[in-house]
Amino acid sequence: MKKIRFDDGWEFTDQPRGFLNPNAGYQPVTLPHDISITKPRNKNHPTGGGGGFAWSGVVTYRKKLHVPAEWQGQSVQLEFEGVYMNAEVSVNENIAAFHPYGYTSFLADLTPYLTYGSENTISVVVNNSAQPNSRWYSGTGIYRHVWLRLGGGVHIRPWGVFVTTPQVSEAASSVAVAVDLANRAEAEAAVSLRSTVRDLSGRQLARVETPVRLAAGSNAQASQSLRVEGVKLWSVDEPNLYRLVCEVVAGERVIDSEETTFGFRTFSVDAVNGFRLNGVPLKLKGGCVHHDNGLLGSASYDRAEERKIELMKSAGYNAIRCAHNPPAPAMLDACDRLGMLVIDETFDCWRMGKNSNDYHLYFEDWWQRDTQSMVLRDRNHPSIILWSIGNEVSERTGVSDGYAWCQRQADFVRSLDPTRLVTSAVPFLFESIPAPSGEQPAAPPDEDMINQFFDTLLTAPANPADDRWGNLTRPFFQHLDVGGYNYLHKRYATDGERFAGRVIAGTETWPHQAYDSWEETRRLPHVIGDFVWTSLDYLGESGIGMVTYDKAGGSFINQDVWPYHLANCGDFDICGFKRPQSYFRDILWGVRAQPFIGVLDPQDHGKKIRFNHWGWEPVIDSWTFPGSEGRPTQVDVYSAAEEVELRLNGAPLDRKPLVKNKATFEVTYTPGTLEAVAFSKGQEAGRAALKTASAPAALRLTADRTALKAEFGDLAYVTVEVVDRDGAVVKHAAPEVSASVSGAGDLLAFGAANPLTEELYTADRRKAFQGRLMAVVRANGQAGEIRLQVSAEGLKGAELSLQTD
């Protein structure tokens, strides 16, 4: 079917019962659109800390569509990539589709309700009012693309092309094609299906044509096979892609076509050899990724999705786990292009819910349709290696017929795609977490107690008979090809022996346990990879990685965290800036050779600092702390070397061995240069230095790219830094900065990674955090110049020019 972007020309309103009132304050909007990110957060919003204290409610969208008379007899459908949630699509006041799940793509057939030769009104009511329904920030609205699909009497059904590569080698490979066809005509149709494999330059590599007969009003599947010589394999280092063009031909005329991007690659998994891509062993260096785009909320712009993958590739990642739902198609396209392996996941819950209004209310009626949506839409992406049927579902222990539901879903996925493997992420037993004891009111356990509990609970008992977790989950894992283990790296070795043949993926691991979990992953062949929670920080699940000072408790046990609205557990913060734990992982994975120096603010030295395993020491790469001269502080150095020497203004302070790639020093703050020199076998192995900055003097702008496409929605991410007279970033500076955009674009978002602020991400004024902000500039579709200007009181302003063409 012809696929036309359908994002512009919409209007929306969030006024009560707006869908019944044509004059209910509609405003123009071009999709994607997340209304929640545009509204103030509030501690009383029913989304709570889990949902980032975001606004939620009912939003109505409408759009006019002129339908030419010549469309009569054709199939006219809308494809919605993602609407959160409870989407009701109407055409001329006729309900065409209802879709409750906010993360799967769905189709609305407009054909029966259209008036030809005139304007038609399309309405979409989005109902996210029943809260809480998510454990993280969901956003509200039509937050991904919408497409108009137009097909003739005989056409290829949406998501109806399935391309596989049964035999793969650089010398000669086979391509198997299965195409679902539909005949909407009232008479039998005789057509042919012509399929062509091309490389990305357009060069034809193979072609086949097959006659097909379809009865009136029927669907049929046509299967074909092609042989292709001299292909280049797809891998994480060389993600070579090809295109399959399928055409429906009637006589000499092409009446429908569909283009599919795919790759030639093989992979295998077993407990002896682990994961192999194209026959080469590969450990998955993975990160979990939520659907939001940080400062943009859930609005899914193609460039935002691509940038997420670029950031992860730059940090050594080769795999992501989509948490805990199917991602935007643009993100999977980026994974294909850039070489990132993917675990694609359906649900965060099944029949047993985690929130009162979450997907468990719809699961039994909708699981099959939503699973089918994910698999059919995504199955041609070479980046995808595993389908996950759930995250930390309560049914994992067999309750609520959990074992049968696991088998039912796994088998259904295999029926749709027999070429990939099935997993599900299984954690510890939550009911084992200790509750406060003693007389009421009981004080909550602090993070030290929780961490100690985790460290003891998650080890497998020596006696298999005492292994309650292992015994309860064994029947669940029997239906999976790969066992997803969440926070259970202490079980990897034992379970590899206890459950013969079990292949394990660390589907969630703690940032602060990175060294131990990666070492277990690296040394055990039956463990194929490690997926940290998380690679990118996200909105909601507020404060799961928060740090407290001289205060017991934290978000894991106490959700009263307002105005904390970020998770604070990503390697990258929500602006895309690297956090200290990302540098630690760089060293762990061999991405970085030189040491990293992280310094605790001397004002916090001596305080009782608490955080759980999702958190990290609150250090920053700065040696600028005005007013703290002469005060002691903590300095952490990360390095893969044997030992490290710390020097201050050229004078050695101390030399220590590195334990698990880390050494900690106590240093008296003195302005100047703090230097770490790493040694292995007595030879220098790398060095790094921090220099004290002077007073803030100016703002500096740096864009991730200065040339944009003249298409609405292309983005430039512009880093705003507070610098001193020498251009050094002043990390303690937090001025309020104003931003403005003129020309062929606008300011889409402006923010910083401060988890405690109440500021909006869509305003044009924000305070810097750790001396930085991020401005996201959006092209408006016109060719020309975009100018970004920033200013702050007492600082020299800056401006930047971007070009669109």
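Caption draft 1: Layout of the overall build of the protein chain. Counting its secondary structure elements, the protein chain contains nine helices and 47 strands. Relative to its length of 805 residues, the protein chain is compact, with a C-alpha radius of gyration of 27 Å against a globular reference of 28 Å. Each principal axis of the C-alpha atoms in the protein chain carries an extent, and together these give about 90 × 65 × 60 Å. The buried share among the 805 residues of the protein chain stands at 59%. Counting every atom, the protein chain has about 30,400 Å² of accessible surface; 47% of that belongs to carbon and sulfur. One way to put it: in the protein chain the 80 positive side-chain charges average out to a point 2 Å from where the 98 negative ones average out.

Caption draft 2: Broad picture of the pattern of salt bridges. With the rule as written, the count across this model stands at 55 salt bridges. The salt bridge involving D604 is made with K607; its shortest N-O contact spans 3.0 Å. Classification of D604 by relative accessible area gives buried; the value is 15%. Of the charged contacts in the structure, one is a salt bridge between E684 and R687, with a shortest N-O distance of 2.8 Å. Here R687 falls in the partly exposed class, since its relative accessible area comes to 37%.

Caption draft 3: Main features of unusual backbone geometry. With an omega dihedral of -10°, the bond running from A323 to H324 counts as a cis peptide bond. Among the secondary structure elements, H324 is positioned in the loop between β22 (319–322) and α2 (329–338). The backbone of N86 sits at a positive phi, close to 50°, despite the residue not being glycine. You can see N86 is positioned in the loop between β5 (75–80) and β6 (87–91). If you check the backbone angles, D401 has positive phi at about 60° while not being a glycine. Examined against the element boundaries, D401 turns out to sit in the loop between β24 (384–391) and α4 (402–416).

Caption draft 4: Molecular detail of the sheet that holds β6. Taking strand neighbours across the sheet as the criterion, the six strands line up as β3-β2-β4-β9-β6-β7 in an open arrangement whose pairing is antiparallel. Every other strand in the sheet has two partners, leaving β3 (27–29) and β7 (94–99) as the edge strands with one partner each. When the angles between neighbouring strand axes are averaged without regard to direction, this sheet yields 25°. Both β6 and strand β9 (residues 118–127) contribute to a ladder of five bridges, which runs antiparallel.

Caption draft 5: Structural view of the pairing of strand β42 (residues 736–743). By the bridge criterion, three bridges tie β42 to strand β44 (residues 765–767) in an arrangement that is antiparallel. Residue V737 lies in a different strand from β44, and its bridge partner there is R766. Here β42 runs beside strand β46 (residues 784–792); their pairing, made up of six bridges, is antiparallel. Of the residues in β46, the one forming a bridge with S742 is R787.

Caption draft 6: Main features of helix α8 (residues 514–523). All of the buried residues in α8 are A514, S517, W518, E520 and T521. Projected onto a plane normal to the axis of α8, the buried residues spread over an arc of 160° and lie on a single side. In this structure, the buried side of α8 is in contact with β21 (284–289), α7 (492–498), β27 (504–509), β28 (527–532) and α9 (580–588).

Caption draft 7: Structural context of the confidence of the model for the protein chain. Considering every residue of the protein chain, the mean pLDDT works out to 94; 95% of them sit at 70 or more. Here residues 433–444 is a poorly scored stretch, pLDDT under 50, and it has nine contacts once near neighbours within four places are set aside; other chains count.

Caption draft 8: Looking closely at the nonpolar core. I320 and W350 are the most contacted members of the largest nonpolar core, which has 98 residues in total. For I320, the residues in contact, after removing those within four places along its chain, are G287, V289, I309, M312, M331, C335, M340, L341, V342, I343 and F531. Ranked by size, the runner-up nonpolar core spans 31 residues in total, among them L31, F80, V89 and A108.

Caption draft 9: Representation of the packing of α4 against helix α6 (residues 468–477). Where α4 meets α6, the axes come as close as 8 Å, and the angle between the chain directions of the two elements is 30°. Here α6 runs roughly parallel to α4, going by the angle between their axes. Every residue of α6 that contacts α4 at G402, Y403 and C406 is listed here: L472, P475 and F476. Grouping the constituent residues of the contact of α4 with α6 by class yields five nonpolar, one polar and no charged.

Cut-offs and rules
Residues numbered from 1 in each chain as written. Predicted model: local features only at pLDDT ≥ 70, side-chain atom pairs only at ≥ 80, totals over all residues. Heavy atoms only, no water. Helix = DSSP H or I, 4+ residues; strand = E, 2+ residues; numbered from the N terminus. Rg over C-alpha atoms; globule rule 2.2 N^0.38 Å. Buried < 20%, exposed > 50% of the residue type's maximum accessible area, 1.4 Å probe, protein only. Areas by Shrake-Rupley, 256 points an atom, 1.4 Å probe, with all protein chains shown as cover. Lys, Arg positive; Asp, Glu negative; His and termini not counted. Charge placed at Lys NZ, Arg CZ, Asp CG, Glu CD. Salt bridge = Lys/Arg side-chain N within 4 Å of Asp/Glu carboxyl O. Pairing = 2+ DSSP bridges. Axes fitted to C-alpha atoms, helices over the stretch in contact; angles between N-to-C directions. Arc of directions from axis to C-beta. Contact = heavy atoms within 4.5 Å. pLDDT = per-residue confidence, 0-100. Core = buried A, V, L, I, M, F, W, Y, C linked by side-chain atoms within 4.5 Å. Parallel < 35°, antiparallel > 145°, perpendicular 65-115°, else oblique. Nonpolar A, V, L, I, M, F, W, Y, C, P; charged D, E, K, R; others polar.

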